[in-house]
Amino acid sequence: MASENSPLLAYRLLGEEGAALPANGAGAPGGASARKLSTFLGVVVPTVLSMFSIVVFLRIGFVVGHAGLLQALAMLLVAYFILALTVLSVCAIATNGAVQGGGAYFMISRTLGPEVGGSIGLMFYLANVCGCAVSLLGLVESVLDVFGADATGTSGLRVLPQGYGWNLLYGSLLLGLVGGVCTLGAGLYARASFLTFLLVSGSLASVLISFVAVGPRDIRLTPRPGPNGSSLPPRFGHFTGFNSNTLKDNLGAGYAEDYTTGAMMNFASVFAVLFNGCTGIMAGANMSGELKDPSRAIPLGTIVAVAYTFFVYVLLFFLSSFTCGRTLLQEDYGFFRAISLWPPLVLIGIYATALSASMSSLIGASRILHALARDDLFGVILAPAKVVSRGGNPWAAVLYSWGLVQLVLLAGKLNTLAAVVTVFYLVAYAAVDLSCLSLEWASAPNFRPTFSLFSWHTCLLGVASCLLMMFLISPGAAGGSLLLMGLLAALLTARGGPSSWGYVSQALLFHQVRKYLLRLDVRKDHVKFWRPQLLLLVGNPRGALPLLRLANQLKKGGLYVLGHVTLGDLDSLPSDPVQPQYGAWLSLVDRAQVKAFVDLTLSPSVRQGAQHLLRISGLGGMKPNTLVLGFYDDTPPQDHFLTDPAFSEPADSTREGSSPALSTLFPPPRAPGSPRALSPQDYVATVADALKMNKNVVLARASGALPPERLSRGSGGTSQLHHVDVWPLNLLRPRGGPGYVDVCGLFLLQMATILGMVPAWHSARLRIFLCLGPREAPGAAEGRLRALLSQLRIRAEVQEVVWGEGAGAGEPEAEEEGDFVNSGRGDAEAEALARSANALVRAQQGRGTGGGPGGPEGGDAEGTTTALTFLYLPRPPADPARYPRYLALLETLTRDLGPTLLVHGVTPVTCTDL
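Residues numbered from 1 in each chain as written. Predicted model: local features only at pLDDT ≥ 70, side-chain atom pairs only at ≥ 80, totals over all residues. Heavy atoms only, no water.

## Details of the overall build of the protein
- Along the backbone of the protein there are 27 helices and 12 strands.
- The 914 residues of the protein split such that 56% are buried.
- For the protein, restricting intrachain contacts to residue pairs at least 6 apart in sequence, the fraction spanning at least 24 positions comes to 83%.
- As presented, the protein carries roughly 37,100 Å² of accessible surface, and 61% of it is formed by carbon and sulfur atoms. (Helix = DSSP H or I, 4+ residues; strand = E, 2+ residues; numbered from the N terminus. Buried < 20%, exposed > 50% of the residue type's maximum accessible area, 1.4 Å probe, protein only. Contact = heavy atoms within 4.5 Å. Areas by Shrake-Rupley, 256 points an atom, 1.4 Å probe, with all protein chains shown as cover.)

Encoded structure:
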């Protein structure tokens, strides 16, 4: 016969994967009633037929003839070792929980997420569609090689007309038969598969018996054309029966030209043919939606099928090597028919395996498509595939797939596409191994498969083996398939997908974060790598939205925690009122587009709640080192939710993870004159508490007045006219000399420099104001400061201003910075000093960069404004009775300055070392 002459068979894709069945909430389309297939009919039969396909009849001689028995067995062992690794992963996942419809797609998507699962699922679907077409075309060519009018074999009836149109007609008729069986449901498919299994088993039994019962004979080979088209003398191959000399001759390799294609064979090409022919291990897993007990049937049935097919392949290899000469094996791939006791039975086996492969691929494609449609990953494009019959059969998905197969049939021979189909299957196998590997590495407590004959080593080896095999079979197709998978995953990521599947990425992240948090040892911290880790206390986010975003810009990749204190006593409450609030705060973080964590607490007072958050927020080496508070003044709070574009626009209720309008989740801003949750005394006490706990403190005033472009992700069109002013000196206790270069002053410089690194602040100019004492010569202190800035790699403009004359000059320095507030001077004098400092700062805000000694270059000051001012925050007084006076002085100091940050740093943050 001449079906072995089909170039399609060289790629060994006739009869790949089996069926994948639908998914819904209960598993099968029709619910539990649709789950009626047993382990044998639902797993063993389709898996055996898919792993045999047409190869078992037409490529045994090809493999043994070219590779020899020893290398053929080595190839088989390697191929089944690779497949067995994936089988172990399939069994582990299948026994870890209820497997619903969709088979491999369901396993991958529910483990690796909708992006990876959807992309591989679509590739798996296309592989099944093309595999069905390839099987049908191979079946048509096998039929025409015997019954075609133009058949070139040594025997045949030659009654069927041939040609492209006739071949397409035959393929379409066979597709109609296959599609009809699949449309009527998995029950009819299972019965048809069982009938096919009986035919194939009978055919194989006759072949095995023929090896023993048939005596030696010469078999005429297909004639080859000679030079100039002349015919060569007839050639014969020899069937010797069991003969030790024949076995000896067939032990070693004897690679030669493939008589069907003329290509020179080698180990890789023969191995690719063998491997492509014995895949099909997912056929049973893909029937998951219609199995009675998939968690038991899939591992048991798949292992039985793999062991059975391996045994048959090994037996056929040995029998062929004992009885057939090398010439017969290399020159007649269909020699089973020539040595059979009843040759038509071999033809029946060939046709039955090809037909079963096409049915398996079509029903598998339809069930995968139905699962994809039900998950709504590709929107309206796949919406028709959701339709099912009353009995739960997804007939619309079958028709959808039938139409695509018909389109592929129009292409005729699929030599190039055949390799791509196999590569797509291998991608799915690698993804299953990766899914199991991820679950094992994540150490999730709920990953408890009853099948335990696997480890992360087998999973990792399975991934590597599948990838290696992909590139061995077709490097171009392998690269193209990975590129396609990446594009589909990017499309699904952009479109968004369900987040309630519980896939493994979150478990892996948790596992790795925990591991690295343990390694983030606070004892090994170095000032070179210091970064601000902020705890922002927020009462009502409606009035704190600009500060929330400004703090996000100040964090410089560090930890950022939004803290909120709910007043109450858990003893007097029926339940914890804090837990239900987390959803609203997380929605706030999403809508504000800030990279922050949320930490809420319940406490009788805001001060005690702030202490709790300062102590317990964060974990290990990632704990807040800086407390950020809004300023305490009488300015009526604004509702920024009404003016900010991210909050004024309605939420997209159709988007996954979308939240209701935040206006319904947070109360309206406090009305002017209404009582506050925090008293002035407790506010200053909270600042003092933070400093006692060795935390830096930032108080933000008038952050709502920041230019709009400062609150966006990019810089605005007028950002080049803005300045960031830094006063690294306690203006409420002026003194001359270089005393400003203390820990707190350097902390101010560092925070201002960090803000300048943010893209939205790149074009703002940093100005540092150097205050001279009444007896200090101009220029000396500036030179020292410029040298320090050069060492710290900070680019800034330095300006000297005279400060201190008649305002505390000559006063002895106190041991503590806050002692000025505690001094014996009257409130009127302290208030005058604060007003004087305020006037000095406001006067400098209105000046542009000049060409004087403080500015490196001249410039036009027209339109120049100060976007943000950094001021030195004095330490609160030791006497709590003076807290209100301290707060009043801060209010006077920062009055009408615009956006201002009062900063007090207690930790070293700068380093001049590499």
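## Digging into the confidence of the model for the protein
- Predicted confidence across the protein gives a mean pLDDT of 80, with 81% of residues reaching 70 or more.
- In this model, residues 1–33 is a region of pLDDT below 50 whose contacts with residues beyond four sequence positions or in other chains number 153 contacts.
- Counted against residues more than four places away or in other chains, residues 651–659, with its pLDDT under 50, gives 8 contacts. (pLDDT = per-residue confidence, 0-100.)

## Some details on helix α1 (residues 39–52)
- Helix length check: α1, at 14 residues, gives a terminal C-alpha distance of 18 Å against a target of 20 Å (1.5 Å per residue), a fit within 8%.
- Of all 14 residues in α1, 12 are buried, a share of seventy percent or more.
- Within α1, burial applies to Thr39, Gly42, Val43, Val44, Val45, Pro46, Thr47, Val48, Leu49, Ser50, Met51 and Phe52.
- Two residues or fewer past α1, Ser53 is found with a positive phi of approximately 45°. (Expected span 1.5 Å × (residues − 1).)

## Considering the side chain of Thr686
- Tracing the backbone shows Thr686 in helix α23 (residues 680–692).
- A polar contact of 2.7 Å, which involves the side chain of Thr686, links it to the backbone oxygen of Asp682.
- Dropping the residues within four chain positions of it, Thr686 is found in contact with Arg607, Ala610, Leu627 and Leu629. (Polar contact = N/O pair within 3.5 Å; in protein donor to acceptor, adjacent residues only side chain to side chain.)

## What to know about unusual backbone geometry
- The residue Asp376 is not glycine, and still its phi comes out positive at about 55°.
- Of the residues examined, Asp376 reaches a relative accessible area of 35% and is grouped as partly exposed.

## Focus: the packing of aromatic side chains
- Here the structure, examined in full by the defined rule, presents 20 aromatic pairs.
- The interplanar angle of 75° and the centroid separation of 5.7 Å between the aromatic rings of Phe52 and Tyr313 together place this pair among those described as edge-to-face. Residue Phe52 is found in helix α1, and its partner Tyr313 is found in helix α10 (residues 294–323); the two are separated by 261 residues along the sequence. The exposure classification of Phe52 matches that of Tyr313, with both residues buried.
- Centroid distance Phe447 to Phe454: 6.0 Å. Interplanar angle 75°. Geometry classified as edge-to-face. The same class applies to Phe447 and to Phe454, which are both buried.
- Cluster of aromatic residues (ring-pair linked, three or more members): Phe211, Phe239, Phe335 and Phe336.
- In this structure, Arg59 is placed above the aromatic ring of Phe62, and the distance from its NZ or CZ to the ring centre is 5.6 Å.
- It is Arg676 that lies over the ring of Tyr632; its NZ or CZ is 4.2 Å from the centre. (Phe/Tyr/Trp six-rings, centres within 6.5 Å; stacked < 30°, edge-to-face > 60°. Lys NZ or Arg CZ within 6 Å of the ring centre and 35° of its normal.)

## A few points about the pattern of salt bridges
- According to the stated counting rule, one finds 10 salt bridges in the structure shown.
- Where Arg676 meets Asp634, a salt bridge forms, and the shortest distance between an N and an O atom there is 4.0 Å. With Arg676 in the loop between α22 (645–648) and α23 and Asp634 in the loop between β6 (626–630) and α22, this residue pair connects regions lying 42 residues apart in the sequence.
- Overall, Asp634 belongs to the exposed group, its relative accessible area being 74%.
- Notably, a salt bridge pairs Arg765 with Glu797, separated by 3.9 Å at the nearest N-O pair. Placement of the pair is Arg765 in strand β9 (residues 765–772) and Glu797 in strand β10 (residues 797–802), with a sequence separation of 32 residues.
- Take Arg765: its relative accessible area is 36%, and that puts it in the partly exposed class. (Salt bridge = Lys/Arg side-chain N within 4 Å of Asp/Glu carboxyl O.)

## Let's talk about the packing of helix α13 (residues 343–375) against helix α14 (residues 395–409)
- Running from N to C, α13 and α14 cross one another at 120°; their axes reach a closest spacing of 8 Å. By the angle class used here, α13 and α14 are oblique. Considering only the axes of α13 and α14, their crossing is right-handed. Contacts between α13 and α14 involve Leu362, Ala365, Ser366, Arg367, Leu369 and His370 on the former and, on the latter, Ala397, Val398, Tyr400, Ser401, Trp402 and Val405.
- For the contact of α13 with α14, the residue count by class is 8 nonpolar, 3 polar and 1 charged. (Axes fitted to C-alpha atoms, helices over the stretch in contact; angles between N-to-C directions. Parallel < 35°, antiparallel > 145°, perpendicular 65-115°, else oblique. Left-handed = near helix turned anticlockwise from the far one by under 90°. Nonpolar A, V, L, I, M, F, W, Y, C, P; charged D, E, K, R; others polar.)

## Focus: the side chain of Ser603
- With respect to the helices and strands, the residue Ser603 is situated in strand β5 (residues 597–603).
- When sequence neighbours within four positions are dropped, the list of residues in contact with Ser603 reads Val565, Thr566, Leu567, Gly568, Gln608, Gly609 and His612.

## Some details on the nonpolar core
- Ranked by internal contacts, the top residues of the largest apolar core, which has 153 residues, are Phe211 and Phe317.
- Each residue touching Phe317, except ones within four places of it in the same chain, is listed here: Ile60, Val63, Val64, Leu69, Ala72, Leu73, Leu76 and Leu274.
- Formed by 66 residues, the second largest nonpolar core is a distinct cluster that contains Ala584, Ala592, Ala596 and Val909. (Core = buried A, V, L, I, M, F, W, Y, C linked by side-chain atoms within 4.5 Å.)

## So, the environment of Phe106
- Inspection of the secondary structure assignment puts Phe106 in helix α4 (residues 104–112).
- Classification of Phe106 as buried rests on a relative accessible area of 10%.
- As a C-alpha pair, Phe106 and Gly289 span 183 residues in sequence and 10.0 Å in three-dimensional space.

## Here's the deal with the packing of helix α19 (residues 541–554) against helix α24 (residues 743–757)
- For the pair α19 and α24, the least separation of the axes is 8 Å and the interaxial angle reads 95°. Comparing the axis directions of α19 and α24 gives the class roughly perpendicular. Of the residues in α24, those in contact with Leu550, Gln553 and Leu554 of α19 are Met751, Ile754 and Leu755.
- Taken together, the residues of the contact of α19 with α24 break down into 5 nonpolar, 1 polar and no charged.

## Looking at helix α21 (residues 606–616)
- Those residues of α21 that sit buried are Val606, Gly609, Ala610, Leu613 and Leu614. All buried residues of α21 project into a common sector of 135° when viewed along the axis, lining one side. Looking at α21, the residues exposed on the side facing more than 90 degrees away from the buried face are Arg615 and Ile616.
- Residues of α21 that are buried in the fold lie against β3 (534–537), β4 (560–567), β5, β6 and α23.
- Residue Gly618 follows α21 closely and has a positive phi angle near 85°. (Arc of directions from axis to C-beta.)

## So, the sheet that holds β4
- Within the open sheet, the 10 strands sit side by side as β5-β4-β3-β6-β7-β12-β11-β8-β9-β10. Their pairing is mixed. Only two strands of the sheet have a single partner each, and these edge strands are β5 and β10. Between one strand and the next, the sheet's axes are offset by a mean angle of 25°, whatever the strand orientation.
- Where β9 and β10 come together, 6 bridges link them in parallel fashion. Residue pairing for β10: Leu772 is matched across the bridge by Val802.
- Contacts from helix α20 (residues 582–592) reach β4 and β5, with the element oriented near 145° to β5. (Pairing = 2+ DSSP bridges.)

## Quick look at the environment of Leu247
- You can see Leu247 is positioned in helix α8 (residues 244–251).
- The spatial distance from the C-alpha of Leu247 to the C-alpha of Ser320 is 8.7 Å, given a sequence separation of 73 residues.
- Excluding residues within four positions of it along the chain, Leu247 makes contact with Leu69, Ser321 and Phe322.

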